[in-house]
Structure formats: structure tokens, C-alpha cells
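# Understanding the architecture of this molecule
Here is what each chain is made of, one letter per residue.
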Amino acid sequence: MMKKISRRMLAKQLGLITGTASILGPGAAQALVATPEQVEGPFYPPEPHVENDVDLTVLAGHEEPAAGEIIYVRGRVTDTRGNALANVRVDIWQANHWGRYTHPEDPNTAPLDPNFQGIGIARTDENGRYGFKTIKPAAYPLSALGDSGWRARHIHFKVADAAGRKLITQMYFEGDPLLKDDLAFKAAPAEERHLLVTVPEADPETGIPVHRFDISLA
Ligand SMILES: [Fe+2]
């Protein structure tokens, strides 16, 4: 534990820890903080999935797309030295535009969206890259779960490679006013929470917001 902290502090002093930015230039190995773990939660959609491809906004045979703001979620999966990890399975699942999961046991009374896929599964390419098209999930109240407060907008991630490395985490949205009171988010160490928060950039071709979420596996 001591060793991990001092290595991190050293990397910080060297300016190597700035999200995933590098001062060493493209392709150079770099010290990265492992993406913090987050709770899995109870709403991973049960099998069999109707569909689980990387476009969560359309379902085969449906004329209408999912309701909500369309976004891309893209990133790279690396080890903590910055080496790309290829062929890693990346699962995402999330609430819909009204804050309801495609899960029969979600007690929230917000509407289901029959056009929303709810889950997507990707494999990273040779450069460690993955990508999804989805909608921005709504926040949801915890009252139906017998708790108080709200969950900030978030997307659940489960990342696993063939070597047995695995990470369960959640991605958040910059500027969400609920973040400051979100207990799951705040379970991450304060100095690492920024690694879970994405800032959108417009996709140059389509103008659709791209939320870049790079993942570093310990
Ligand atoms: Fe959730």
C-alpha cells in the first residue's frame, strides 16, 4: 500500500497524472492511476438480452429510436503503464431517458422505453479502443429502493480481459449538480473522482457529443 502511494505521488510530482494526458508524446508508456472501482448495483439487464450491440439507440424492427439526447461514449482500455489492451470485453448498462432500467426488478415508476436497448457489449480493437452510441441517462431517485437521495446520471461499466483483469465502475457527466451528494460516486477517493467524470466534445462529423472515458486496468 505504502509503495503504491509513493509511486503515485512521484508520478504526480512528475506531472504524469493528469487524467490520461501524457507529457511523453503519443505511444510512450506513461504512469496512469487505475480507474477507480464502483459498485455494480442490482440492474445489469438479465439474459437473454434482446440485443447487446454497440448502438443502444436502435432496436431491430423498431421504427422509433430511443428517447433522449444521443451521445457517443468512446475510450481506450490500457494497463496502468498506458499499454493498449486489445480484445477486452466492455459491457455498459444504464437507465433510460426517464431514469428507468431495462430490468424487471427496477422498482422506479418512471416509464420504460421500448426502443432503448439498455445494455451494450463491445470488444476493444488492437489499439484498446471501444465505442458505443447511446443516450444520456437520467438521474433517478433512490426512494423506490427504500433509500433517500438521488443517483447522479451515470453509465455502469464492466470491463474484463482474457488474463482475468476485471473492473466494475461507473462513468459520470461533468456539471451534474447531483454529483456532490452521490454516495456511490463519493465512494471513490476524492483525488481520483475526476477520472470517472467525462466532459463532452462534439464529434467533428456529426456534432453528436462524445464522452471520452478511458479506462486503466490495475
Ligand atoms: Fe445505476
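This report concerns the structure included in the present document.

## Section: unusual backbone geometry
In this model, Glu47 is joined to Pro48 through a cis peptide bond whose omega is -5°. Positionally, Pro48 belongs in the loop between helix H1 (2-13) and strand S1 (70-79). A positive phi angle, close to 55°, is found at Asn87, a residue other than glycine. As for its position among the elements, Asn87 is in the loop between S1 and strand S2 (89-94).

## Some words on the coordination of the iron ion
At 1.9 to 2.3 Å from the iron ion lie its protein donor atoms, namely Tyr101 (OH), Tyr140 (OH), His154 (NE2) and His156 (NE2). Viewed at the metal, the four donor atoms of the iron ion are separated by angles of 92 to 164°, and the geometry they form is irregular. Taken in sequence order, the residues that donate to the iron ion follow the motif Y-x38-Y-x13-H-x1-H. Note that Tyr140 is positioned in strand S5 (residues 140-141) and His156 in strand S7 (residues 154-160), a separation of 16 residues in sequence. Comparing Tyr140 with His156 shows no difference in burial state: the two are buried.

## A word on the packing of aromatic side chains
With the rule as written, the count across this model stands at seven aromatic pairs. Between the aromatic rings of Tyr130 and Phe157, the centroid separation amounts to 6.0 Å while the plane-to-plane angle is 75°, which identifies the pairing as edge-to-face. In this pair, Tyr130 is assigned in strand S4 (residues 129-135) and Phe157 in strand S7, connecting sequence segments 27 residues apart. No difference in accessibility class separates Tyr130 from Phe157, as the two residues are buried. Three or more aromatic residues joined by ring pairs form one cluster here, namely Tyr130, Phe132, Phe157 and Phe213. The ring of Tyr72 has Arg74 lying over it, and the distance from NZ or CZ to the ring centre is 4.2 Å. Across from the ring centre of Tyr44, 4.4 Å away, lies the NZ or CZ of Lys158, which sits over that ring.

## Comments concerning the pairing of strand S11 (residues 209-212)
In terms of strand pairing, S1 meets S11 through three bridges, oriented parallel. By the bridge assignment, Tyr72 is partnered in S11 with Val210. Where strand S10 (residues 200-202) hands over to S11, the hairpin turn is made up of six residues, of which Gly207 adopts a positive phi near 80°.

## What about the sheet that holds strand S3 (residues 119-123)?
Read from one edge of the open sheet, five strands run S3-S2-S7-S8-S9, paired in mixed fashion. Among the strands making up the open sheet, the edge pair consists of S3 and strand S9 (197-198). Relative to S3, S2 runs antiparallel, the two being bridged by five bridges. Looking at the pairing, Ile92 lines up with Gly120 of S3.

Conventions adopted
Each chain has its residues counted from 1, running along the sequence as written. Only residues with pLDDT of at least 70 are given local features in this predicted model, and only at 80 or more are side-chain atom pairs given and counted; all residues enter the totals for whole chains, interfaces and linings. Only heavy atoms go into the side-chain values, all of them from the structure, while hydrogens and water stay out. Helical segments are the DSSP runs of H or I of at least four residues, strand segments are the runs of E of at least two, and each set is numbered from the N terminus. Here the term donor refers to an N, O or S atom within 2.8 Å of the metal (or 3.2 Å for Na, K and Ca), and because water is left out of the atoms, sites may appear incomplete. Note on geometry labels: four donors, all angles 85 to 135 degrees, give tetrahedral; four donors become square planar and six octahedral when opposite donors are over 155 degrees apart and every other angle is between 65 and 115; remaining cases are irregular. A simple rule labels every residue: compare its accessible area, found with a 1.4 Å probe on the protein chains alone, to the largest value its type can have, and call it buried under 20%, exposed over 50%, or partly exposed in between. The rule is short: rings of Phe, Tyr and Trp, with Trp giving its six-membered ring, pair when the centres are within 6.5 Å, and they are stacked under 30 degrees, edge-to-face over 60, tilted in between. Whether a charge lies above a ring is judged from NZ of Lys or CZ of Arg, which has to be within 6 Å of the ring centre and within 35 degrees of the ring normal. One bridge is not enough; two strands pair if DSSP finds at least two bridges between them.

All we've got here are geometric facts, nothing functional implied.
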